[in-house]
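Next come the chains, spelled out residue by residue.
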Amino acid sequence: MDRPHTPILDQVTYPSDLRRMSDADLAQCADELRAEVISAVSETGGHLGSSLGVVELSVAIHAVFNTPYDKLVWDVGHQCYPHKVLTGRRDRIRTLRQKDGLSGFTKRAESEYDPFGAAHSSTSISAALGFAAARDLGEATGDGIAVIGDGSISAGMAYEALNNAGDLGARLFVILNDNEMSIAPPVGAMSTYLSNLSSKSPLATLKEIADGVASHLPEPLRHGADRARELVTGHQPSATLFEHLGFTYIGPIDGHNMDELLTTLRAAKARATGPVLIHAVTVKGKGYSPAELSDDCYHGVAKFDVATGVQAKSAPNAPSYTGVFGKTLLSMAEQDNRIVGVTAAMPGGTGIATLQKAMPKRVFDVGIAEQHAVTFSAGMAAGGLKPFCAIYSSFLQRGYDQIVHDVALQNLPVRFMIDRAGLVGADGPTHAGAFDVSYLCGLPNMTVMACADEAELVHMMATAAAHDSGPIALRYPRGEGTGVEMPESGEVLEIGKGRIIQEGREVALLSFGAHLEEAKDAATALEARGLSVTVADARFAKPLDTALIDRLINDHSVLITVEQGAMLGFGGMVLHHLAASGQLDGRCAVRCLHLPDRFIDQASPADMYADAGLTAQDIAHQALEALGVEVLTARA
Ligand SMILES: Cc1ncc(C[n+]2csc(CCOP(=O)(O)OP(=O)(O)O)c2C)c(N)n1
Ligand SMILES: CC(=O)[C@@H](O)[C@H](O)COP(=O)(O)O
Ligand SMILES: [Mg+2]
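Here the structure is a predicted model, which is why all the values come from computation and not from measurement.

S.K.: Which residues make up the coordination of the magnesium ion (ligand 3), and what are the values?
M.R.: Summarising the metal site, the magnesium ion (ligand 3) is bound by the protein donors Asp 150 (OD), Asn 179 (OD1) and Met 181 (O), whose distances to it range over 2.0 to 2.2 Å. Sequence spacing of the donor residues for the magnesium ion (ligand 3), all on one chain, is D-x28-N-x1-M. Of this pair, Asp 150 sits in the loop between strand E2 (144–149) and helix H7 (156–168) while Asn 179 sits in the loop between strand E3 (172–178) and helix H8 (189–199), and the two are 29 residues apart along the sequence. Given a relative accessible area of 12%, Asn 179 falls into the buried group.

Put into C-alpha cells, the structure is as follows:
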C-alpha cells in the first residue's frame, strides 16, 4: 500500500524551500500546486488555462535558478499564479484580481520575485536581456530568464529582443512555453513553424522514415538503405530559426515532465555562455479536464465549480458593447463588401469572431501584432477597402506610431474600433483604456467618437462606415450596455455634432462616452436640490461641437465635462477651445472630470470609478462646489 503522501506544498513559502527538496518531492509539489491553483481560481476567476500550463515549469525554474537574485520574467504574466504561490503569496492567492488584492499579473511593487511587471505581451525577452546587460556591467543581479508563450513570441517586439540578444551574445535564458494556443488557436507562419519544430525533432522523423523503408527492402538493397540511413541519421538537423539568430536551441522538451525539465535547466544553467532558448511543449489547461477539453482552454474564467467546471456567469441585463459591435459589423459587411475586420489575436474578445464565422475571408487575425494590424489596415484602406481595425484601447497603444505615421499623416480611412475604453475592472491598470482619447485627439485628420450606449454604438459604426474622408475612431467600454432600445439599423450622424439630452438653465453636464448615465443621475440629484440642469452628450471629442459648447457656457453658470479617460482627453479639447476663444473668463465656472493622474489598481469598475471621483455623486458635488454651495450640506 502506498505510504500516505506528506504534503509537500505546505513546506514551501519561498523558492529556497524548493531547493532543499528531492526531484521526486518537486514533482509531488507540482501536483499539489496544480490542485491549489484550480481551487484558488475557482473562487476568484482569472487566467486558469495559462497558469495550469506552467505548473511544472514554475517549480523547476525556481528550484534550479536562484530567484530572486536571478530575474524570472513572465511574458504577459497572466500565467503567474503558480509562481505567486511559490513566492510567498499563497496566503493571498484568493485575493487575486480583487480590490486591495493581488494583481492578476506580475507586478514589481508586489514582490521581489516579480522583477518586471507585465500584462501586455511580448516584453519579457527585452526585460530579461536588460537584466543580463546590467549583470554584465557589474550590477548585483543574476541570470535573466524569460518565459514566453507561443502566442506572445509572434509579436514583433519579441524579434527585436531575440535579434538583439543574439547579437549581444549575453548569457540569457528564454523558455518558450509552447502550448499551441494563444487566446484563440494561434495564427501565423511562426505558429506553423513552432508546431513543426515541437512535433518531432527532425532527426527522429528522418530516422523513422529510413528504418521504415529499409525493413521492406530485399537483402542486396538493404545495404544501400543502411548507407542511406547513415547519411540520414548522421545528418545534422537543419538549424532552427533561433540558432540562426545566435541562440543555443534546446528542445523540444516535455514541459510537464519534471525530470526532463530539471535535467535540461540544470545543464543549461551549468553550461550556457550565451543566449539559450529552451523549447518546452506544454498543454494549456493541463491537469484539469474541463479546461483541457474547452475551446479556449479556460483562458479567462469566471468563478467555477471545481467538480464540474461550470462557471458562475450571471445572466446579462443588457447586450454587451462587444456583442453589439460584432453583430453590427456583420450586418454592415453584408451590405458593403468593402468592409473587412482586423484583429490582433483577439477575435473573441473584440467580437470580430461574429464576422469571422460568417465571412472568414473578410476577417484578418494577424496574431499579437498591433503595430502590423494598424499599418496592414492602412494598406487595405489605401487599396480601397473599409478596414474595421478592432483593438482594445490599451493594446492599441502598441501601434501608436503606426496610427500617426501610416494612417493619420496619409489621411487613410481606417476605422478604429476601440473596445475596453475606460476602466476595465479585474485586469487593473495595464488594461485600463485610459489614454486613447488623449493620444488620438492631437492627431490631424483624426475623428474621435465615443458612444453613450449600445444604440449609439450602432449609429456611430454606421457613421464610421460612411466616413471615407479620413481615419475615424470609436471607443466603447468593456461589458454590458444600458439596455436602451436598439435601432433597426444605424443612422449616419453628422460629424462633430453632439446632442442635448435635457434642457436646463443653471448647470450644464456635458458627457463624452459611456458615462452619460452617471451624468443623468447627477442631474437628478442636482434637481432634487432645486437646480435646473442641462445634460448633453458630446458624441465627438474631435472635431468638437464648438457651437454646443459655446451655447452651454453662455447659458449656464456651471459647465461640467465628464469622460471615462485620462486628463488631456475630451476635457482637454473643451478647455483648449474655451481658452483659445477667450471664453474662460469666469462668467461660467468650468470643471473637467476625468481619470486622475495616477494608475488605479484592480477592483470592480464601479469601485474604480469611485476611486477616480467619477460617480454620479462626485459629478453633482463638483457642480455644487462650482456654484459655491457648501458640499457638506449637499451630502446631508
Ligand atoms: C500587446 C498585447 N496584445 C494582446 C494581449 C492579449 N493577450 C493576453 S494573453 C494572449 C495570448 C498569449 O498567448 P501565449 O503567449 O501563447 O500564452 P498562453 O496563454 O498560451 O500561455 C493575448 C493575445 C496582450 N496581453 N498584450
Ligand atoms: C491576459 C490578457 O491580456 C487578456 O486575457 C485580457 O485579460 C482579456 O481581457 P477581457 O477579459 O476584457 O477580454
Ligand atoms: Mg500559448
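This is not the end of the story, as more comes after the structure.
S.K.: Requested: an account of the side chain of Ser 152, with residues and values cited.
M.R.: Secondary-structure assignment places Ser 152 in the loop between E2 and H7. Within polar-contact distance, the side chain of Ser 152 engages the side chain of Asp 75 at 3.4 Å. Discounting chain neighbours no more than four positions away, the residues touching Ser 152 are Asp 75, Val 76, Ser 121, Ser 122, Ala 158 and Ile 368.

S.K.: Outline unusual backbone geometry, supporting the account with residue identities and numerical values.
M.R.: In this chain, Gly 251 is followed by Pro 252 through a cis amide linkage whose omega measures -5°. As for its placement among the helices and strands, Pro 252 is situated in strand E4 (residues 248–254). The linkage connecting Lys 542 with the following residue, Pro 543, adopts the cis geometry, with an omega of -10°. With respect to the helices and strands, the residue Pro 543 is situated in the loop between strand E15 (540–542) and helix H23 (546–555). Notably, Tyr 298 is not glycine yet its phi reads approximately 55°, a positive angle. Mapped onto the fold, Tyr 298 is located in the loop between helix H13 (289–293) and helix H14 (321–335). Exposure remark for Tyr 298: the relative accessible area of 9% places this residue in the buried category. At Asn 445, a position not held by glycine, the phi torsion is positive, near 75°. Structurally, Asn 445 is set in the loop between helix H20 (436–441) and strand E10 (447–450).

S.K.: Can you lay out the site of ligand 2 for me, pointing to particular residues and giving the numbers?
M.R.: Of all residues adjacent to ligand 2, which total 13 residues, the nearest are His 299, Tyr 392, Asp 427, His 431 and Arg 478. Here an oxygen atom of ligand 2 and a side-chain polar atom of His 299 are 2.7 Å apart. One nitrogen or oxygen atom from the side chain of Arg 478 is found 2.7 Å from an oxygen atom belonging to ligand 2. Burial of ligand 2 by the surrounding chains reaches 86%, relative to a free accessible area of 360 Å². Split into classes, the residues belonging to the shell around ligand 2 amount to 6 nonpolar, 4 polar and 3 charged.

S.K.: Talk me through the nonpolar core; I want residue IDs and the actual numbers.
M.R.: Judged by nonpolar contacts, the single largest core of 52 residues is most densely connected at Leu 18, Leu 48 and Ile 175. For this core, the element with the highest residue contribution is helix H2 (residues 23–44), accounting for 8 residues. Of all hydrophobic cores here, the second largest spans 48 residues; its members include Val 342, Ala 373, Val 407 and Leu 510.

S.K.: Can you break down the UniProt feature "binding site: Mg(2+)" (unreviewed entry) in the protein residue by residue, with the values?
M.R.: Those places that UniProt annotates as "binding site: Mg(2+)" (unreviewed entry) correspond, in this numbering, to Asp 150 and Asn 179. Taken along the chain, the residues just named run across 30 residues; in space they keep tight, none of their C-alpha pairs more than 6.8 Å apart. Other than its neighbours up to four places away in sequence, Asp 150 contacts Leu 176, Asn 177, Asp 178, Asn 179, Glu 180, Met 181, Pro 186 and Leu 194. With near-sequence residues (within four places) excluded, Asn 179 lies in contact with Asp 150, Thr 282, Val 283 and Lys 284.

So, how was this worked out
- Residues numbered from 1 in each chain as written.
- Chains lettered and ligands numbered in written order.
- Predicted model: local features only at pLDDT ≥ 70, side-chain atom pairs only at ≥ 80, totals over all residues.
- Heavy atoms only, no water.
- Donors = N, O, S within 2.8 Å, 3.2 Å for Na, K, Ca; no water.
- Helix = DSSP H or I, 4+ residues; strand = E, 2+ residues; numbered from the N terminus.
- Buried < 20%, exposed > 50% of the residue type's maximum accessible area, 1.4 Å probe, protein only.
- Polar contact = N/O pair within 3.5 Å; in protein donor to acceptor, adjacent residues only side chain to side chain.
- Contact = heavy atoms within 4.5 Å.
- Near = heavy atom within 4 Å.
- Areas by Shrake-Rupley, 256 points an atom, 1.4 Å probe, with all protein chains shown as cover.
- Nonpolar A, V, L, I, M, F, W, Y, C, P; charged D, E, K, R; others polar.
- Core = buried A, V, L, I, M, F, W, Y, C linked by side-chain atoms within 4.5 Å.
- UniProt positions renumbered as here; feature names shortened; annotations may be inferred.

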